[in-house]
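Working through the structure, step by step
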Amino acid sequence: MKRNTDKYNRIINAAVKVFAKKGFYNAKVSEIAKEAQVADGTIYLYFQNKDDILISLFEVEMEKILHRMKEQLASLDDPVERIRRFAKVHLELVQSDKELAEVIQVEIRQSSKFMKEYRNEQFREYLHLISEIIREGQEQGVFRKDAVPSIAQRAFFGALDEMSRYWVLSSKRSYTPEVAAKQISDIFVAGLRRDSETD
């Protein structure tokens, strides 16, 4: 597959628009081709089928998201501030691109191939950023030792993911990403603090 060519990127960008507008199941490859301004057959030079387009779209966008998150966290040493920054950046990304957020939050879950067969290493690395922060906090004596990082990372991401999906599916937003990020990270950090450690 020839990635990062002009046509490849046009197809990916077109797929985001078409999947967000039509839904994954209702979208047609021909509609993606039309939006990308390429011939229908050109799509199959880069992708096997519609599921392949969706998975490739996720890979491309996840790479960008992972890169941005690493950049945002790099300047911070305090694990509590890193948790807060992670939440804020994650929710700001959802707000900044509604179409992409809808595809990732809703449409990508409609692909049985993606949900059952696909293992995305970049997404695993994204989750691993959270567990790394938790381990650092434990090593510094900030976070409780009995917290299991691999469980905590999914609990934290799950809260952010649910808030993201709520925003995508709701016509109204009662609060800003900043408020939501602070609430979620404060609740999470409170549970991780050493003074909340169980016997």
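Everything numeric here is computed off the predicted structure, so don't read it as measured data. (Residues numbered from 1 in each chain as written. Predicted model: local features only at pLDDT ≥ 70, side-chain atom pairs only at ≥ 80, totals over all residues. Heavy atoms only, no water.)

1. Observations regarding the packing of helix H1 (residues 6-22) against helix H4 (residues 50-74)
As a packed pair, H1 and H4 sit with axes 10 Å apart at the nearest point and diverge in direction by 105°. By the angle between their directions, the pair H1 and H4 is classed as roughly perpendicular. Contacts between H1 and H4 involve Tyr8, Ile12, Ala15, Val16 and Phe19 from the former and Lys50, Ile53, Leu54, Ser56, Leu57, Val60 and Glu61 from the latter. A class-by-class count of the residues in the contact of H1 with H4 yields nine nonpolar, one polar and two charged. (Axes fitted to C-alpha atoms, helices over the stretch in contact; angles between N-to-C directions. Helix = DSSP H or I, 4+ residues; strand = E, 2+ residues; numbered from the N terminus. Parallel < 35°, antiparallel > 145°, perpendicular 65-115°, else oblique. Contact = heavy atoms within 4.5 Å. Nonpolar A, V, L, I, M, F, W, Y, C, P; charged D, E, K, R; others polar.)

2. What about the environment of Lys21?
Assignment of secondary structure puts Lys21 in helix H1. Looking at Lys21, the relative accessible area reads 72%, which means it is exposed. C-alpha separation for the pair Lys21 and Asp40, spaced 19 residues apart in sequence, amounts to 19 Å. (Buried < 20%, exposed > 50% of the residue type's maximum accessible area, 1.4 Å probe, protein only.)

3. Re the layout of surface pockets
Its volume calculated, the largest pocket comes out at about 830 Å³. Contributing elements (two or more residues each) for the lining of the largest pocket: H4, helix H5 (79-96), helix H6 (98-105), helix H7 (112-117), helix H8 (121-139) and helix H9 (149-169). Per-element tally for the lining of the largest pocket: the top contributor is H4, with six residues. A breakdown of the residues in the lining of the largest pocket according to their chemical character gives 16 nonpolar, six polar and nine charged. (1 Å grid on protein atoms, 1.4 Å probe; cavity = no way out; pocket = protein on both sides within 12 Å on 5 of 7 lines; lining within 4 Å. Points joined across faces, edges and corners; volume = space filled by probe spheres on them.)

4. A closer look at unusual backbone geometry
Here the phi dihedral of Gln37 falls at roughly 60°; this positive angle occurs in a residue that is not glycine. Among the structural elements, Gln37 can be located in the loop between helix H2 (29-36) and helix H3 (40-46).

5. Some thoughts on the confidence of the model for the protein
In this model, the protein carries a mean pLDDT of 88, and residues with pLDDT of at least 70 account for 92%. Across the protein, element-level confidence peaks in H2 with a mean pLDDT of 95 and bottoms out in H7 with 69. (pLDDT = per-residue confidence, 0-100.)

6. Focus on H9
Given a rise of 1.5 Å per residue, 21 residues ought to cover 30 Å, and the 30 Å separating the end C-alpha atoms of H9 matches this to within 8%. Where H9 is buried, its residues touch H5, H6, H8 and helix H10 (177-192). (Expected span 1.5 Å × (residues − 1).)

7. Here we look at the packing of H5 against H9
Direction vectors running N to C along H5 and H9 enclose 25°, while the axes themselves pass 10 Å from each other. Taken together, the axes of H5 and H9 are roughly parallel relative to one another. Like other packed secondary-structure pairs, H5 and H9 cross with a definite hand, here right-handed. Where H5 approaches H9, its residues Ile83, Phe86, Ala87, His90, Leu91 and Val94 are matched on the opposing element by Phe156, Phe157, Leu160, Met163, Ser164 and Trp167. For the contact of H5 with H9, the class distribution of residues is ten nonpolar, two polar and no charged. (Left-handed = near helix turned anticlockwise from the far one by under 90°.)

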